[in-house]
Amino acid sequence: KMMEDVDSGKINCIIVKDLSRFGRDYIESGKYIQKVFPAKNIRFIAVNDNYDSITADTAESHLVLPVKNFVNDSYCRDISTKVKSSQQIKRKKGEFIGAFATYGYKKHPEKKNSLIIDERAAQVVKLIFNSKLEGYSNQGIATKLNALRYLSPLSYNQDNGSNFISGFSNGIDSKWNAKNVGRILKNKVYIGILEQGKRVKINYKIDKRIKANESDWIVVEDAHEPIISKDVFERVQDI
C-alpha cells in the first residue's frame, strides 16, 4: 500500500524507527533503499540507525547499511529456526500444534495442545464411517448429510464462532461433498493417530508451503481418544 502511494506521487519521504522495521530481507531492503527510492526521489530515514538517504553517500552510514540489513535478516532466520525446532519437539511429544482442531475434535480448554472429542461433530464422523460400511459412495454420504442438514466442517467451525479458513473451502456456504467426506474417511486422527508436518515452508523468507515426503511426517499413535475403532477404520480403507 505504501509503494502504491510512492508510485502515485503521494509520498516523497519514508521514516521508520529502524531498518528492521522496514524489512528483514537484506536483499529486498537494500534494493529499495539504494535503488528504488533514489530513482523515485524518495527520502528514506531510519531514526535509530542514524540513516538519512540525503547524507548517506557522504556519511559512514552508507557503509554500515548493508551490514545492518544482513544482521536483521540473520536474526529473522535464527528466530525461524528456533520456532521450527520448538514445533518439532511438540509434534514428537504428540502435541497438536495446528491453529484449528480437526473436525470431530476441539482443543482442550486448559491444554491447548491436546485434542478432546467434540461430541456433536463426532456423531457425524461416526455416521460417515457407518454409512460407508453400509455401501454408500462418498457422494452418497455427502447427499445424505446435506439432506439431514448437518453443517460441513467449514460451516460448523464458523457456526461455533471460529475464524476458520480452509484451503479446500469453496465459500462460506460450503456443503458436504465427496472430497470432504473422502478426507474424513482417510484421516487417521479418528483412530487416535496424530500425523503432523505434512506440509512445510520452502524457507523462512517464503510463506508458501509444499507437501512433505510421507517419510518425513511426524506420526504419534494414541495421541488422543479415538472416535472410530481401528477395525472399522481398516474395513473402510479396504472398501
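Further up the page is the structure itself.
Note that this is a predicted model, so its numbers are computed, not measured.

K.L.:
It is not clear to me how the sheet that holds strand β3 (residues 51-52) should be interpreted in this structure. Could you clarify?
P.N.:
Either a parallel or an antiparallel arrangement is found when strands of a sheet pair, and the pairing is made through backbone hydrogen bonds. Taken in spatial order, the three strands of this open sheet run β1-β2-β3, and their pairing is mixed. Every interior strand has two partners, whereas the edge strands, β1 (13-16) and β3, have only one. Pairing of strand β2 (residues 43-46) with β3, which is carried by two bridges, proceeds in the antiparallel orientation. Paired with isoleucine 45 across the bridge in β3 is aspartate 52.

K.L.:
Is there a simple way to think about the packing of helix α5 (residues 119-133) against helix α6 (residues 138-147) in this case?
P.N.:
Helices that pack against each other are described as a pair by the angle of their axes relative to one another and the distance between those axes. Two elements in contact, α5 and α6, have axes whose closest approach is 10 Å; the angle formed by their N-to-C orientations is 140°. With respect to α6, the axis of α5 lies oblique. Crossing handedness for the pair α5 and α6: right-handed. Facing Val124, Leu127, Ile128, Ser131 and Lys132 of α5, the residues of α6 in contact are Asn138, Ile141, Lys144 and Leu145. The class makeup of the residues in the contact of α5 with α6 is five nonpolar, two polar and two charged.

K.L.:
I tried to follow the packing of aromatic side chains on my own but got confused; where do I start?
P.N.:
Two aromatic rings, taken as a pair, are described by how far apart their centres are and by the angle between their planes. One pass over the structure, following the stated rule, counts 11 aromatic pairs. Here tyrosine 105 and tyrosine 190 contribute two aromatic rings whose centre-to-centre distance is 6.2 Å and whose plane-to-plane angle is 20°, an arrangement assigned as stacked. Here tyrosine 105, found in strand β4 (residues 105-107), pairs with tyrosine 190, found in the loop between α8 (178-186) and β6 (194-196); they are 85 residues apart in sequence, far enough to count as distant. Accessibility expressed as a relative area gives 1% for tyrosine 190, which makes it buried. For the ring pair phenylalanine 129 and tyrosine 190, a centre distance of 6.3 Å and an interplane angle of 70° mean the geometry is edge-to-face. With phenylalanine 129 in helix α5 and tyrosine 190 in the loop between α8 and β6, this pair connects stretches of sequence that are 61 residues apart. Each residue in the set Phe22, Tyr32, Phe37, Phe44 and Tyr51 is aromatic and connected to the rest through ring pairs, giving one cluster. The ring of tyrosine 32 has lysine 31 lying over it, and the distance from NZ or CZ to the ring centre is 5.3 Å.

Conventions and cut-offs
- Residues numbered from 1 in each chain as written.
- Predicted model: local features only at pLDDT ≥ 70, side-chain atom pairs only at ≥ 80, totals over all residues.
- Heavy atoms only, no water.
- Pairing = 2+ DSSP bridges.
- Helix = DSSP H or I, 4+ residues; strand = E, 2+ residues; numbered from the N terminus.
- Axes fitted to C-alpha atoms, helices over the stretch in contact; angles between N-to-C directions.
- Parallel < 35°, antiparallel > 145°, perpendicular 65-115°, else oblique.
- Left-handed = near helix turned anticlockwise from the far one by under 90°.
- Contact = heavy atoms within 4.5 Å.
- Nonpolar A, V, L, I, M, F, W, Y, C, P; charged D, E, K, R; others polar.
- Phe/Tyr/Trp six-rings, centres within 6.5 Å; stacked < 30°, edge-to-face > 60°.
- Buried < 20%, exposed > 50% of the residue type's maximum accessible area, 1.4 Å probe, protein only.
- Lys NZ or Arg CZ within 6 Å of the ring centre and 35° of its normal.

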